[in-house]
Amino acid sequence: NVKMNNSNLGKNYQYLEKIISGYRYDILRNSNMMNQSLPNKGLLATILREIPAYSGQFLSYEYSKIMFSKILQIPKESLNSITLMCCGSIAGINAWIWSYPMDVIKSTQQTIKSNKPYPLKKCIKYIYNKHGYKGFFIGLNACLLRSIPANATGFLVYEKIFKYLNNQSNFE
């Protein structure tokens, strides 16, 4: 059985809250997110990439499991490793298809040679003027090929660990 010491919980929470509020203050004081003047340019583009990417990734993973279980006429929990890896691959491909244009924008923002912050809108215009709409998809094929084994493996490991931890009745 897991027992928690409640007397230290409040102190730890207050300490963590001070750290988070300090970082929040530093970010707001030292930057304007829309102008990307943070030391690591591309924060806004990264946030705009991550939210739809991971939302779509986990949504499509779960949906793929549901569809495979219907096709195979077995419960979702009984899917074998190969099927789970297929679901993971589908999830990875889906995540990158939706988020890749924003990834190109973020990478361009981070690598462009400029002494001033390079705003998101200006970066989008730069890519479009240089390459057209296809510029937002340069390198997508290689990214999709890489995502297949990476996500297949990642989701399989996730499922195996999840099953292992759920089968453990005693956490000591």
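Let me sum up the structure you'll find in this document. (Residues numbered from 1 in each chain as written. Predicted model: local features only at pLDDT ≥ 70, side-chain atom pairs only at ≥ 80, totals over all residues. Heavy atoms only, no water.)

### A word on a nonpolar patch on the surface
Taken together, the side chains of Y63, I66, M67, I71, L72 and I74 present a nonpolar region at the surface, about 540 Å² in accessible area. Residue position: L72 is located in helix α2 (residues 43–72). (Patch = residues over 30% accessible without salt bridge, like charges linked within 9 Å, V, L, I, M, F, W, Y side chains within 5 Å. Areas by Shrake-Rupley, 256 points an atom, 1.4 Å probe, with all protein chains shown as cover. Salt bridge = Lys/Arg side-chain N within 4 Å of Asp/Glu carboxyl O. Helix = DSSP H or I, 4+ residues; strand = E, 2+ residues; numbered from the N terminus.)

### Topic: the environment of Y100
Relative to the elements of secondary structure, Y100 occurs in helix α3 (residues 81–111). Distance from Y100 to L140, taken between C-alpha atoms, is 7.0 Å for residues 40 residues apart in sequence.

### Details of the nonpolar core
If you look at the biggest cluster of nonpolar residues, it comprises 16 residues, and the most contacted ones within it are W96, Y100, M102, I105, L120, C123 and I127. Contributing elements (two or more residues each) for this core: α2, α3, α4 (120–131) and α5 (140–167). In terms of residue count, the dominant contributor to this core is α3 (five residues). In contact with I105, other than residues within four places in its own chain, are L120, C123, I124, I127 and F136. (Core = buried A, V, L, I, M, F, W, Y, C linked by side-chain atoms within 4.5 Å. Buried < 20%, exposed > 50% of the residue type's maximum accessible area, 1.4 Å probe, protein only. Contact = heavy atoms within 4.5 Å.)

### Points about α4
Between its first and last C-alpha atoms α4 spans 17 Å; for twelve residues at 1.5 Å apiece the expected length is 16 Å, and the two agree. Of the residues making up α4, those classed as buried are L120, C123 and I127. Looking straight down α4, one finds its buried side chains confined to an arc of 60°; they lie on one side. Within α4, the exposed residues directed more than 90 degrees away from the buried face are K121, K125 and N129. Lining the buried residues of α4 we find α2 and α3. With its phi angle positive at about 75°, G132 sits one or two positions after the end of α4. (Expected span 1.5 Å × (residues − 1). Arc of directions from axis to C-beta.)

### A closer look at the side chain of S99
Relative to the helices and strands, S99 is located in helix α3. Judged by its relative accessible area of 3%, S99 is buried. A polar side-chain atom of S99 sits 2.8 Å from the main-chain carbonyl oxygen of A95. Setting aside residues up to four positions removed in sequence, S99 forms contacts with R49 and A53. (Polar contact = N/O pair within 3.5 Å; in protein donor to acceptor, adjacent residues only side chain to side chain.)

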